Amino acid sequence: MERRELEIEVGNLIGLPSSTKIAATVFIPDAAQLHRPTIVMFALPGGGYGRGYFDLPSFHGESYSQAEHHADAGIVFV
């Protein structure tokens with residue numbers, strides 16, 4: 001699995017200063033695990049939660065990462 005951190009400039013698209021960005025983390029399955037046809041799942045946090053909510057740190061050796069769970073199933077998770 002590959003994990004990529006992205007910052008995408010959006011200010012010029014919505015009439016705000018050019019330093020306005022949106023951040024995303026993309027979890028990409030290994031090529032052998034990638035679902036065919038490719039499925040991309042977008043998760044949007046809300047209610048005070050940040051994007052890290054979908055990739056919580058492990059606790060006592062157990063994983064609580066929803067993002068890694070979907071990537072392990074062959075789904076690209078954004």
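See the structure shown above.
As the structure is a computational prediction, the values presented were derived from the model and not from experiment.

Colleague: Explanation requested: the pattern of salt bridges in the structure shown.
Modeller: Within this structure, the stated rule accounts for five salt bridges. Residue E7 is joined to K21 by a salt bridge in which the shortest nitrogen-to-oxygen separation is 3.6 Å. Of this pair, E7 sits in strand β1 (residues 2–9) while K21 sits in strand β2 (residues 21–28), and the two are 14 residues apart along the sequence. A network of salt bridges, in which partner residues are shared, links R3, E5, R51 and D55.

Colleague: Which parts of the structure should I look at to understand the nonpolar core?
Modeller: The nonpolar side chains of a soluble globular protein tend to be buried, and buried together. Among the nonpolar cores identified, the biggest contains six residues, and these are F27, A43, F54, A67, A71 and F77. With near-sequence residues (within four places) excluded, F77 lies in contact with T25, V26, F27, M41, A43, F54, Q66, A67 and H70.

Colleague: Would you mind going over the environment of I8 with me for this structure?
Modeller: Among the structural elements, I8 can be located in strand β1. Taking relative accessible area as the criterion, I8 reaches 42% and is therefore assigned partly exposed. Along the sequence, I8 and T20 sit twelve residues apart, while their C-alpha atoms lie 8.5 Å from each other. The contact partners of I8, leaving out residues within four places of it in the chain, are T20, K21 and I22.

Colleague: In this structure, what is going on with the side chain of H70? I would like to understand it.
Modeller: On the secondary structure map, H70 appears in helix α2 (residues 66–72). The contact partners of H70, leaving out residues within four places of it in the chain, are M41, I75 and F77.

Colleague: Would you mind going over the packing of aromatic side chains with me for this structure?
Modeller: To describe a pair of aromatic rings, you give the distance between the ring centres and the angle between the ring planes. Counted by the stated rule, this structure contains four aromatic pairs. Ring geometry for Y49 and Y53: centres 4.6 Å apart, planes at 50°, overall tilted. Given the relative accessible area of 40%, Y53 is considered partly exposed. Put simply, the rings of F27, Y49, Y53, F54 and F77 pair up and form one aromatic cluster.

Colleague: Just checking my understanding: could you explain the side chain of S65 for this structure?
Modeller: If you trace the backbone, S65 turns up in the loop between β5 (62–64) and α2. The residues contacting S65, other than those within four sequence positions of it, are F54, D55 and L56.

Calculation rules
- The written sequence of each chain sets the order in which its residues are numbered from 1.
- For this predicted model, a pLDDT threshold of at least 70 governs which residues receive local features, and a threshold of 80 or more governs which side-chain atom pairs are given and counted, while totals over whole chains, interfaces and linings are taken from all residues.
- Computation of side-chain values covers all heavy atoms of the structure but excludes hydrogens and water.
- A side-chain nitrogen of Lys or Arg and a carboxyl oxygen of Asp or Glu constitute a salt bridge if their distance falls within 4 Å.
- Helix and strand labels come from DSSP, where a helix needs a run of H or I of at least four residues and a strand needs a run of E of at least two; each type is numbered from the N terminus.
- Residue types Ala, Val, Leu, Ile, Met, Phe, Trp, Tyr and Cys, when buried and joined through side-chain atoms within 4.5 Å, form a set referred to as a nonpolar core.
- Residue burial is assigned from relative accessible area. The probe radius is 1.4 Å, only protein chains are included, and a residue is buried under 20% of its type maximum, exposed over 50%, and partly exposed in between.
- Any two residues having at least one pair of non-hydrogen atoms within 4.5 Å are treated as being in contact.
- Aromatic rings from Phe, Tyr and Trp, with only the six-membered ring used for Trp, were paired whenever their centres fell within 6.5 Å, and each pair was classed as stacked if the ring planes differed by under 30 degrees, edge-to-face if by over 60, and tilted otherwise.

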